[in-house]
Amino acid sequence: MAGGPMMRRLAFSTVVAVSLVACGGDSTGPTVNITGTFIGDYTATVDPGVIYQGVLQLTQNGSNVTGTLTTNAGRSANVSGSIAGSRLTATFTFTDGCTGSASTTADVTNNATRLTGNYTANDCVGSYTGGYLLIKQ
């Protein structure tokens, strides 16, 4: 019996399964919220072996993220970026005397309380890279 109840259930199950896979695999939208203050350590290849401390204050609206950065090295920056799934991509525009900018990608883990990432900077010191681990307060 073509098109009977068994065939309709199979077709419905296939549509539901395809829909779930399509939705579940989409990591383009925000799945975490990182609004808050993150404090922790970061390094820079221009000063090997030195560990600095930074305070990152973030506000998230949908997938857009903005905020500020201040450090114990006298650096300050405005932050602008986006979050997709559990990945933050952002640009730091330095507002201190050294100016310049940095780009970063960070993994958001531990229920959105931990940012672990790397950055590439270009400022008055030159071009350099570094890494960081920041914990939400």
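Read on for a plain summary of the structure. (Residues numbered from 1 in each chain as written. Predicted model: local features only at pLDDT ≥ 70, side-chain atom pairs only at ≥ 80, totals over all residues. Heavy atoms only, no water.)

## With respect to the overall build of the chain
Scanning the chain for helices and strands turns up one helix and eight strands. Ordering the α and β elements of the chain from the N terminus gives α-β-β-β-β-β-β-β-β. Scored against the burial criterion, the 137 residues of the chain give a buried share of 32%. Accessible area for the chain stands at about 7,900 Å²; split by element, carbon and sulfur atoms hold 59% of it. (Helix = DSSP H or I, 4+ residues; strand = E, 2+ residues; numbered from the N terminus. Buried < 20%, exposed > 50% of the residue type's maximum accessible area, 1.4 Å probe, protein only. Areas by Shrake-Rupley, 256 points an atom, 1.4 Å probe, with all protein chains shown as cover.)

## Quick word on the pattern of salt bridges
Summed over all chains, the structure comprises three salt bridges. A salt bridge links Arg-75 to Asp-96, with the nearest nitrogen and oxygen atoms 2.7 Å apart. Within this pair, whereas Arg-75 is found in the loop between β3 (64–71) and β4 (76–84), its partner Asp-96 is found in the loop between β5 (87–94) and β6 (101–109), the two being separated by 21 residues in sequence. Residues Arg-75 and Asp-96 agree in their burial class; the two are buried. Arg-75 serves as the salt-bridge partner of Asp-123, at 2.6 Å between the closest nitrogen and oxygen. Within this pair, whereas Asp-123 is found in strand β7 (residues 114–123), its partner Arg-75 is found in the loop between β3 and β4, the two being separated by 48 residues in sequence. The same class applies to Asp-123 and to Arg-75, which are both buried. Where salt bridges share partners, they join Arg-75, Asp-96 and Asp-123 into one cluster. (Salt bridge = Lys/Arg side-chain N within 4 Å of Asp/Glu carboxyl O.)

## Some details on the nonpolar core
Judged by nonpolar contacts, the single largest core of 26 residues is most densely connected at Ile-34, Leu-56, Leu-58, Leu-115 and Tyr-119. Among the secondary structure elements, those contributing two or more residues to this core are β1 (36–42), β2 (52–61), β3, β4, β5, β6, β7 and β8 (126–136). It is β5 that contributes the most residues to this core, four residues altogether. Among residues more than four places away in sequence, those in contact with Leu-58 are Ile-34, Thr-35, Gly-36, Phe-38, Val-65, Thr-66, Gly-67, Val-79 and Leu-115. (Core = buried A, V, L, I, M, F, W, Y, C linked by side-chain atoms within 4.5 Å. Contact = heavy atoms within 4.5 Å.)

## Observations regarding unusual backbone geometry
Its identity is not glycine, yet Thr-99 carries a phi of approximately 50°, on the positive side. Structurally, the position occupied by Thr-99 is in the loop between β5 and β6. Although it is not a glycine, Ala-112 adopts a positive phi angle of roughly 65°. As for its placement among the helices and strands, Ala-112 is situated in the loop between β6 and β7. For Ala-112, a relative accessible area of 7% translates into the label buried.

## A closer look at the packing of aromatic side chains
Taken as a whole and assessed by the stated rule, the structure comprises two aromatic pairs. Between the aromatic rings of Tyr-42 and Tyr-52, the centroid separation amounts to 5.2 Å while the plane-to-plane angle is 25°, which identifies the pairing as stacked. Taken together, the residues Tyr-42 in strand β1 and Tyr-52 in strand β2 connect sequence positions 10 residues apart. Overall, Tyr-42 belongs to the buried group, its relative accessible area being 15%. For the ring pair Tyr-119 and Tyr-128, a centre distance of 6.3 Å and an interplane angle of 90° mean the geometry is edge-to-face. Tyr-128 matches Tyr-119 in its accessibility class, with the two residues each being buried. Between the NZ or CZ atom of Arg-75 and the centre of the ring of Phe-94, over which it lies, the distance is 3.9 Å. (Phe/Tyr/Trp six-rings, centres within 6.5 Å; stacked < 30°, edge-to-face > 60°. Lys NZ or Arg CZ within 6 Å of the ring centre and 35° of its normal.)

Function-wise, these values are silent; they only describe arrangement.
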